[in-house]
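Residues per chain, in single letters:
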Amino acid sequence: MKILLSACLAGDNCKYNGGNNLNARLVDFLEAHEVVKVCPEVLGGLPTPRSSAEIVKGEVINREGKNVTQEFEAGAQKAFKIVKKENPDLIILQSRSPSCGIKQIYDGTFSGNKIPRHGLFASLCIEAGYNVLDIEDIDEIKKFTAVNTGKR
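These lines cover the structure that appears in this document, whether it is placed above or below. Since we're looking at a predicted model, the values are computed, not measured.

### Structural notes on the overall build of the protein chain
If you tally the helices and strands in the protein chain, you get five helices and eight strands. Start at the N end of the protein chain and walk to the C end: the helices and strands fall as β-α-β-α-β-β-α-β-β-β-α-β-α. Over its C-alpha atoms the protein chain spans a radius of gyration of 15 Å, differing by no more than 12% from the 15 Å that the globule rule assigns to 152 residues. If you line up the protein chain on its principal axes, its C-alpha atoms span 45 × 25 × 25 Å. The 152 residues of the protein chain split such that 47% are buried. Across the protein chain, contacts joining residues at least 24 apart in sequence account for 63% of those joining residues at least 6 apart. Here the protein chain displays about 7700 Å² of accessible surface, and carbon together with sulfur accounts for 48% of that area. Computed over 20 positive and 19 negative side-chain charges, the separation of the two mean positions in the protein chain equals 2 Å.

Right under this line is the structure:
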């Protein structure tokens, strides 16, 4: 099965703070699958590390108040081109991110509050009908792959 995932989940140091969201359970599980990694924020030209950013009234604003919507939108589009080219069976993303948020994102106040909403890249994938799951749903990911392996 071909799985596209947020590069930070595989241990790539591409998060805003220069770190990653390595998920050892996921990495071990993915050994049996073809994996494609993307980081929309890096693809959009943002440096690592960078100031954290949140969606504020439809715009992506970093902690210093700079509008980085253009970079986030460009990265989402570039990552989505990879999705269309690779046509993955499943996409696994990291919630809370203004790019990859699935279940929720931060509310734009930089206070740690979360709201139910999708990030820019996640929205493109969901709207196009791809199977998109949150890393926090590892049991659902395993179930999906078990049921759908070999159906390409």
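### Let's talk about the side chain of N62
Position of N62 among the secondary structure elements: in strand β4 (residues 59-62). Looking at N62, the relative accessible area reads 10%, which means it is buried. Among the polar contacts made by the side chain of N62, one reaches the main-chain amide nitrogen of E64 at a distance of 3.0 Å. Among residues more than four places away in sequence, those in contact with N62 are S51, S52, A53, V68 and F110.

### Some words on the pairing of strand β5 (residues 90-93)
Along β5, one buried face is formed by L90 and I92 and the opposite face, lined by I91 and L93, is buried too. The pairing of strand β1 (residues 2-6) with β5 spans three bridges and is classified as parallel. Bridge pairing links L4 to I91 in β5. With three bridges joining them, β5 and strand β8 (residues 132-134) adopt parallel strand pairing. Residue pairing for β8: I91 is matched across the bridge by V132.

### Overview of the environment of K15
Structurally, K15 can be placed in the loop between β1 and α1 (24-30). Measuring from C-alpha to C-alpha, the distance between K15 and C39 comes to 8.7 Å, with 24 residues separating the pair along the chain. With residues up to four places along the chain from it excluded, the contact list for K15 reads C8, N20, N21, T48, P49 and R50.

### Describing the packing of aromatic side chains
Summed over all chains, the structure comprises one aromatic pair. When the ring of F80 is compared with that of Y130, the centres are 6.2 Å apart and the planes differ by 90°; the resulting orientation is edge-to-face. Of this pair, F80 sits in helix α3 (residues 69-86) while Y130 is found in the loop between α4 (120-127) and β8, placing the two residues 50 residues apart along the sequence. Under the relative-accessibility criterion, F80 is labelled buried at 10%.

### Points about unusual backbone geometry
Residue P49 is bonded to the preceding T48 through a cis peptide linkage, with omega at 0°. Here P49 shows up in the loop between α2 (40-43) and β3 (53-56). The backbone of N87 shows a phi angle near 45°, a positive value even though the residue is not glycine. Looking at where N87 falls in the secondary structure, it is placed in the loop between α3 and β5. For N87, a relative accessible area of 40% corresponds to the partly exposed category. The phi dihedral of R96 falls on the positive side, at around 85°, and the residue is not glycine. Mapped onto the secondary structure, R96 falls in the loop between β5 and β6 (105-106).

Calculation notes
- Residues numbered from 1 in each chain as written.
- Predicted model: local features only at pLDDT ≥ 70, side-chain atom pairs only at ≥ 80, totals over all residues.
- Heavy atoms only, no water.
- Helix = DSSP H or I, 4+ residues; strand = E, 2+ residues; numbered from the N terminus.
- Rg over C-alpha atoms; globule rule 2.2 N^0.38 Å.
- Buried < 20%, exposed > 50% of the residue type's maximum accessible area, 1.4 Å probe, protein only.
- Contact = heavy atoms within 4.5 Å.
- Areas by Shrake-Rupley, 256 points an atom, 1.4 Å probe, with all protein chains shown as cover.
- Lys, Arg positive; Asp, Glu negative; His and termini not counted.
- Charge placed at Lys NZ, Arg CZ, Asp CG, Glu CD.
- Polar contact = N/O pair within 3.5 Å; in protein donor to acceptor, adjacent residues only side chain to side chain.
- Pairing = 2+ DSSP bridges.
- Phe/Tyr/Trp six-rings, centres within 6.5 Å; stacked < 30°, edge-to-face > 60°.

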